[in-house]
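Coordinate inspection notes
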Amino acid sequence: MTNRTNFFAVAFAGALSAAAPAAAHPHVWVDAKAEVVYDAKGEITAVRNIWRFDDAYSAFASQGLDTNGDGKLSTEELKPLAEINVQSLKDYAYFTFITANGGVDVDFNKPTEYWLQDEGGRLILFFTLPTKAPVKVEGKMRLEIYDPTFFVAFRMIDDKDGPIVLDGAPASCTAKTFRPPDMDPAAAAALAAIPADQRNLPPELQLLADDQTNGADITCP
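For the structure given in this document, a descriptive report is provided here. What you are looking at is a predicted structure, and each value in this text was computed from that prediction instead of being measured.

**Some words on the overall build of the chain**
A tally of regular secondary structure across the chain gives five helices and 11 strands. The buried share among the 221 residues of the chain stands at 45%. Looking at the chain alone, contacts between residues at least 24 apart form 72% of all its contacts between residues at least 6 apart. Working note: accessible area of the chain is about 11,100 Å², and carbon and sulfur atoms make up 53% of it.

**Some points on the side chain of Glu-144**
One can find Glu-144 in strand E7 (residues 139-145). For the buried residue Glu-144, which engages in no salt bridge, the nearest side chain bearing the opposite charge is Arg-142, 4.4 Å off. In this view, Glu-144 contacts Phe-95, Thr-96, Phe-97, Phe-178, Thr-213, Asn-214 and Gly-215; residues no more than four positions away in its chain are not counted.

**Considerations on the sheet that holds strand E3 (residues 96-100)**
In sheet architecture, strand pairing relies on hydrogen bonds along the backbone and comes in two forms, parallel and antiparallel. The sheet built from five strands is open, its strands ordered E4-E3-E7-E11-E10 with antiparallel pairing. Edge positions in the open sheet fall to strand E4 (104-105) and strand E10 (174-178), since each of these has one partner strand only. Relative to strand E11 (residues 214-220), E7 runs antiparallel, the two being bridged by seven bridges. From the neighbouring strand, Gly-139 faces E11, where its bridge partner is Cys-220.

**Some remarks on the side chain of Arg-122**
Inspection of the secondary structure assignment puts Arg-122 in strand E6 (residues 122-135). A polar atom in the side chain of Arg-122 sits 2.9 Å from the backbone oxygen of Phe-53. Each residue touching Arg-122, except ones within four places of it in the same chain, is listed here: Asp-31, Arg-52, Phe-53, Asp-54, Asp-55, Ser-58 and Gln-117.

**Remarks on the environment of Asp-158**
Relative to the assigned elements, Asp-158 resides in the loop between strand E8 (152-156) and strand E9 (164-167). Sequence separation of Asp-158 and Lys-33 is 125 residues, and the distance between their C-alpha atoms is 8.1 Å. Beyond its immediate sequence surroundings of up to four residues, Asp-158 is in contact with Pro-163 and Arg-179.

**Brief notes about the layout of surface pockets**
Estimated volume of the largest pocket: approximately 300 Å³. Forming the walls of the largest pocket are 19 residues, and the residues nearest its centre are Pro-26, Trp-29, Phe-150, Ala-153 and Gln-212. Going through the elements one at a time, strand E1 (28-38), E8 and helix H4 (185-192) are the ones with two or more residues in the lining of the largest pocket. Here the lining of the largest pocket is composed, by residue class, of 13 nonpolar, two polar and four charged. Reported here for the second largest pocket is a volume of approximately 210 Å³. Residue lining of the second largest pocket: 13 residues in total, with Ala-93, Tyr-94, Val-106, Asp-107 and Phe-108 positioned closest to the centre. Examining the composition of the lining of the second largest pocket, we find that four residues originate from one element, E3, more than from any other. Taken together, the residues that form the lining of the second largest pocket break down as six nonpolar, three polar and four charged.

**Concerning the pairing of E8**
Counted residue by residue, E8 has four buried out of five residues, so it is predominantly covered. Here five bridges tie E1 to E8, and the two strands are oriented parallel to one another. Bridged to Trp-29 within E8 is Ala-153.

Scoring rules and cut-offs
- Residues numbered from 1 in each chain as written.
- Predicted model: local features only at pLDDT ≥ 70, side-chain atom pairs only at ≥ 80, totals over all residues.
- Heavy atoms only, no water.
- Helix = DSSP H or I, 4+ residues; strand = E, 2+ residues; numbered from the N terminus.
- Buried < 20%, exposed > 50% of the residue type's maximum accessible area, 1.4 Å probe, protein only.
- Contact = heavy atoms within 4.5 Å.
- Areas by Shrake-Rupley, 256 points an atom, 1.4 Å probe, with all protein chains shown as cover.
- Lys, Arg positive; Asp, Glu negative; His and termini not counted.
- Salt bridge = Lys/Arg side-chain N within 4 Å of Asp/Glu carboxyl O.
- Pairing = 2+ DSSP bridges.
- Polar contact = N/O pair within 3.5 Å; in protein donor to acceptor, adjacent residues only side chain to side chain.
- 1 Å grid on protein atoms, 1.4 Å probe; cavity = no way out; pocket = protein on both sides within 12 Å on 5 of 7 lines; lining within 4 Å.
- Points joined across faces, edges and corners; volume = space filled by probe spheres on them.
- Nonpolar A, V, L, I, M, F, W, Y, C, P; charged D, E, K, R; others polar.

Spelled out as structure tokens, the structure:
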């Protein structure tokens, strides 16, 4: 079984058992928030991702994990699923991309900490993704959270701190959030018709998926 299959196997089964027709692309929906971590030198050292999964994925993924039968899912009970998620995400660059200083792609190490928690029946995955080397931002940098194949649909959320937090950034740094445009019904229907086991999109549909990016443009003058 491939890593991607491990990560999304519960989503397939959950969709098949749902009352509504299951769309192949996207198949999982995630509300996302990101914290960009700076060190004392004003350089980026990590991205903390906070992802809240949709009801269907959460319900199916959590079946059988309440091992003590108390009707609640603890962080410890969710630990095996968190490990599967993080291991699977490695092959897909954790759906987290940074380009900085003239378009240079930033590389990440594996997560240093991660866990899942249940909040009102929805699973939330927390993980810290350290950069392989500190990143000095000169001018504009772009952070993107998305799945290039649009198998997972991400959308940045708003809360009291905003969807993007600059943790420890120099006072002059700012972040401007962007979200994907709404997809027209015909395009959405074409994507939904793609078989669930087909990973690569046809070129014309890939162009649609390329527009479904979330993130922020971070400027440090």
